[in-house]
Amino acid sequence: MPARLATVVLLTRVLAGLLAFAAAGPAVAQHELTGELPLADAARRELVVVAGATGRSGRLIIAQLRSAGRFDLRALARDPRAAAREIGAEYSWVAADVTRPETLSRALSGATYVICAIGATERSGPDGPEFVDFAGVRNLVDAARSAGVRQFVLISSAGAGGAGGFNRWLLNLIGGDVLTWKARGEAALRASGLPYTIVRPGGLRDVPGGQAGLLLLQGDRESGDVSRADVASVVIATLGNPDAIGKTFELITDPTVPREAWRSQFRRLAQDAAIP
């Protein structure tokens, strides 16, 4: 075969091979143990959206989520630029306001989980408990349902269950019936049909977490306090946890129990009576 013809044949074969490789697409690696091919979107991490991310508890939640690196994270703020400047530009800030339902659809698009850490900043008015702890929660729940969110985690408060006696009466008096409105926010979530978890922390303290044991209780009969950092850890641990779905529980510190014992307490919690 003449040299020039042989060269043409060789180049034709190489080109055909390259075209076949391109048409086949990139190679997909099999699991080294099972030999199964991964799902097309297996590399895509689940997205957690945090409402109330600029608050004292919310800041700890997004910091812990980012540090853990298990999820993609979207932090909501009324003013994303101010949030990036004051808290950190490393977070993905999105404009949203729970008192304005029209801002929530885009903010929750693609979310797997929603953590609601919102709370009234005034005793009354548009930033008071009625419009934040009740209507704001309800707005966020409606948007989460429309977005197909897999789990909604609400940070409420001990005392919202109706117990508490004098302490509940005093907090409602000082806080514009805050526990009453939080209870109505809880009820809106339970009635929504969304898979949910409701965490009711005791008195919130701005101290480091992990310094003492924690108790997960039900019935809203006990009082106590808990660090915001520990609340953040427990809330994150409920994400995707089947033992936490459909449950409401109080969270307080107990120095007599081992520090990590709380992680095994979700399973023994009873589901809410509203769950079929």
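Residues numbered from 1 in each chain as written. Predicted model: local features only at pLDDT ≥ 70, side-chain atom pairs only at ≥ 80, totals over all residues. Heavy atoms only, no water.

1. Some details on the packing of aromatic side chains
To describe a pair of aromatic rings, you give the distance between the ring centres and the angle between the ring planes. Tallied over the entire structure, the rule returns five aromatic pairs. Arranged with centres 5.8 Å apart and planes meeting at 80°, the rings of F71 and Y113 form a pair that is edge-to-face. Of this pair, F71 sits in the loop between α2 (56-68) and β2 (72-77) while Y113 sits in strand β4 (residues 113-116); the two residues are 42 residues apart in sequence, bridging distant segments of the chain. A relative accessible area of 8% places F71 in the buried class. Residues F249 and F266 carry aromatic rings whose centres are separated by 5.9 Å and whose planes lie at 75° to one another, so their mutual orientation is edge-to-face. On the criterion of sequence distance, the pair formed by F249 in strand β10 (residues 247-253) and F266 in the segment after β10 is long-range, its members being 17 residues apart. Grouping aromatic residues by their ring pairs yields a cluster made of F249, W262 and F266. (Phe/Tyr/Trp six-rings, centres within 6.5 Å; stacked < 30°, edge-to-face > 60°. Helix = DSSP H or I, 4+ residues; strand = E, 2+ residues; numbered from the N terminus. Buried < 20%, exposed > 50% of the residue type's maximum accessible area, 1.4 Å probe, protein only.)

2. Structural notes on unusual backbone geometry
Phi is positive for D177, which is not a glycine, with a value near 60°. Looking at the secondary structure, you find D177 in the loop between α6 (165-174) and α7 (178-190). We note that D220 has phi near 55°; this positive angle belongs to a residue other than glycine. Here D220 is to be found in the loop between β8 (214-217) and β9 (225-227). A relative accessible area of 4% places D220 in the buried class.

3. Observations concerning the packing of α2 against helix α8 (residues 228-238)
Interhelical geometry of α2 versus α8 gives an angle of 55° and a closest axis separation of 9 Å. Of the possible angle classes, the one that applies to α2 and α8 is oblique. Judged by the sense of rotation from one axis to the other, the crossing of α2 with α8 is right-handed. Counted together, R56, S57, L60, I61, Q64 and L65 of α2 and R228, A229, A232, S233 and I236 of α8 form the full contact between these two elements. Tallied by class, the residues present in the contact of α2 with α8 amount to six nonpolar, three polar and two charged. (Axes fitted to C-alpha atoms, helices over the stretch in contact; angles between N-to-C directions. Parallel < 35°, antiparallel > 145°, perpendicular 65-115°, else oblique. Left-handed = near helix turned anticlockwise from the far one by under 90°. Contact = heavy atoms within 4.5 Å. Nonpolar A, V, L, I, M, F, W, Y, C, P; charged D, E, K, R; others polar.)

4. Here's the deal with the pairing of β10
Among the seven residues that make up β10, six are buried, leaving the element largely enclosed by the rest of the structure. Note: strand β6 (residues 196-201) against β10, five bridges, orientation parallel. Among the inter-strand pairings, T197 is bridged to a residue of β10, identified as K247. Direction of pairing for β8 relative to β10: antiparallel, over a ladder of four bridges. (Pairing = 2+ DSSP bridges.)

5. Here we look at the environment of R145
Its place among the elements puts R145 in helix α5 (residues 129-147). With 47 residues separating them in the primary sequence, R145 and S192 have C-alpha atoms 7.6 Å apart. Setting aside residues no more than four positions away along its own chain, R145 makes contact with S192 and L194. Reaching out from R145, the side chain makes a polar contact with the backbone oxygen of S192 at a distance of 3.2 Å. (Polar contact = N/O pair within 3.5 Å; in protein donor to acceptor, adjacent residues only side chain to side chain.)

6. Considering the sheet that holds β6
Sheet architecture is open: eight strands sit in the order β3-β2-β1-β4-β5-β6-β10-β8, paired in mixed fashion. Only two strands of the sheet have a single partner each, and these edge strands are β3 (93-95) and β8. For this sheet, the mean angle separating the axes of adjacent strands, direction not counted, is 25°.

7. A few points about the side chain of S227
Relative to the elements of secondary structure, S227 occurs in strand β9. You can call S227 buried: its relative accessible area is 4%. Polar side-chain contacts of S227 include one of 3.0 Å to the backbone nitrogen of D230. When residues no more than four places from it in sequence are discounted, the contact partners of S227 are R205, V207, P208, G209 and T253.

8. Some details on the side chain of D220
No salt bridge is formed by the buried D220. Its closest oppositely charged neighbour is R200, at 4.1 Å. Separated by 2.9 Å, the side chain of D220 and the backbone nitrogen of G159 make a polar contact. Among the polar contacts made by the side chain of D220, one reaches the main-chain amide nitrogen of A160 at a distance of 3.5 Å. (Lys, Arg positive; Asp, Glu negative; His and termini not counted. Salt bridge = Lys/Arg side-chain N within 4 Å of Asp/Glu carboxyl O.)

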